[in-house]
Amino acid sequence: MLSAAGTASAQNIGIDEANKTVTVGAFTPITGPVPFYAILTHAADAFYRNLNENGGIDGWTVNYVTNDDGYEPARSVAVTRQMVEGDGIFALSAAVGTATNVAVIPYAKEVGLPMVSPIGGASAFFAEPNIFPLLPDYGWSAASNVDYAVNDLGLKKIALLWENDELGRSAKRGFDTYMAELGIEPAESVSFDVKTTNFSPQIRRIANSGAEAVILFGSNANLAAALKAADLQGLEAAWFAPFFAADPSTFKLAGDLLNGVYFSSWLMPVSADDPNVAAYRDSIAKYYPDDPVGVFGLNGWSNAALFAVGFKALLESEKELTRENLLAALETLENASVGGAQGVSFKPGDHRGTRQEGVIQAKDGAFVLVKEFRPYPAVVFEAPAN
């Protein structure tokens, strides 16, 4: 439950009725270990700029405020407090990072701040009434990777290489749960720090396990470094990674070693004819022409789109424009198209927005859908995380 103090403070913050402007914000790692994550925020900003130049949300303009947190959870909390108390944001929209968003949850609950589409994949996001995640729990994605490796590729010896924070721990929970459901023991399970650049020790353990497949949950840079270490050690295995690594920026980091890697993805391919995806491509070319057009950017674009879809639902409800009513409006979304995602639904007590994934493979410098979208394995998706 949101605190009484938080509920009271939620009235009309970030709403300028006279000028029909709503202010939302996000923290983003412009500095720190993953500065390329700024691509996510560029895409979110491109979404709002394109939206505002094309009539806004039923005539409402979105003022999008972003601040650097260096990918440090403590700074994320401080930045959010500044945006609430200084900039008067109505909600967070497309704030970047799993561990960073998890750190902000207590403060957001205290002040009644909606966290709309945090760009991360933690189980904690699905247990709070003020959080509406578009991304799946990374545990669901890890299970989707296992499902493809076992049931489509016929592999049995599977290792997990996971980032030692909430991103990786969420993936590990789903991996362990689905492997147990299949009656398969993991070949190996090895953690690493997000700042790791030398994966030789981890790859040595995986190679010694006889793994036929390696599922990595970490950043683009982590994947590239792990692939290079595997190449040096002669490890031959099928590699899997989360959707956000299926991006041209990863090819720049890994080169040809990325070819053949599989990615579970809740987003349509960037080359899709869907008008929302086409608008993403066009807007990046217009507003951020130096950024690559890829799944990484489409992720940021789509997460920004969720606030717009929710705010439109709030306007159409004709209720007072408060944070509480925004939460209620988001819970009415059913089978909605949100950026590059389809079939997005929320309801009270169930904030699992994305409910299916496909499998993409890197081939000759491009990304190709090799398995159509299908529901997450039921054992990891049968009940909302809590």
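From a predicted model like this one, the values you see are computed outputs, not experimental measurements.

### A look at the nonpolar core
In terms of nonpolar packing, the biggest core is built from 140 residues, with L161, W239, F307 and F311 touching the most fellow members. Not counting chain neighbours up to four residues away, the residues in contact with F311 comprise I15, V22, I57, W60, F90, L321 and L326.

### A word on the packing of aromatic side chains
Per the counting criterion, the structure on display carries 26 aromatic pairs. A centroid spacing of 5.5 Å and a plane angle of 45° characterise the contact between W140 and Y376, whose relative ring orientation is tilted. Taken as a pair, W140 in helix 5 (residues 138–152) and Y376 in the loop between strand 15 (366–375) and helix 13 (378–381) lie far apart in primary sequence, 236 residues in all. Residue classification places W140 among the buried positions, given a relative accessible area of 3%. Both rings, one in F307 and one in F311, keep their centres 5.6 Å apart while their planes meet at 25°; by these two values the pair is stacked. Pair noted here: F307 and F311 are both in helix 11 (residues 295–317), with a separation of four residues, about one helical turn. F311 shares its class with F307; the two are buried. A network of ring pairs unites the aromatic residues F36, Y37, Y71, Y138, F217, F243, F244, W266 and F296 as a single cluster. Across from the ring centre of F381, 4.2 Å away, lies the NZ or CZ of R352, which sits over that ring.

Conventions we followed
- Here, residues in each chain are numbered from 1, in the same order as that chain's written sequence.
- Local features are withheld for residues below a pLDDT of 70 in this predicted model, meaning they are given only at 70 or higher, and side-chain atom pairs are given and counted only at 80 or more; totals for whole chains, interfaces and linings count all residues.
- Calculation of side-chain values draws on the structure's entire complement of heavy atoms; hydrogens and water are dropped beforehand.
- We call a set of buried residues a nonpolar core when its members are Ala, Val, Leu, Ile, Met, Phe, Trp, Tyr or Cys and they connect through side-chain atoms within 4.5 Å of each other.
- With a 1.4 Å probe rolled over the protein chains alone, any residue whose accessible area is under 20% of its type maximum counts as buried; one over 50% counts as exposed, and the rest are partly exposed.
- Contact definition: two residues touch when any of their heavy atoms are within 4.5 Å.
- Here a pair means two rings of Phe, Tyr or Trp (six-membered ring of Trp) with centres within 6.5 Å. Their orientation is stacked below 30 degrees between planes, edge-to-face above 60, and tilted elsewhere.
- Helix numbering and strand numbering both begin at the N terminus, where a helix is a DSSP run of H or I of at least 4 residues and a strand a DSSP run of E of at least 2.
- Any Lys NZ or Arg CZ that is within 6 Å of a ring centre and within 35 degrees of that ring's normal is treated as a charge sitting over the ring.

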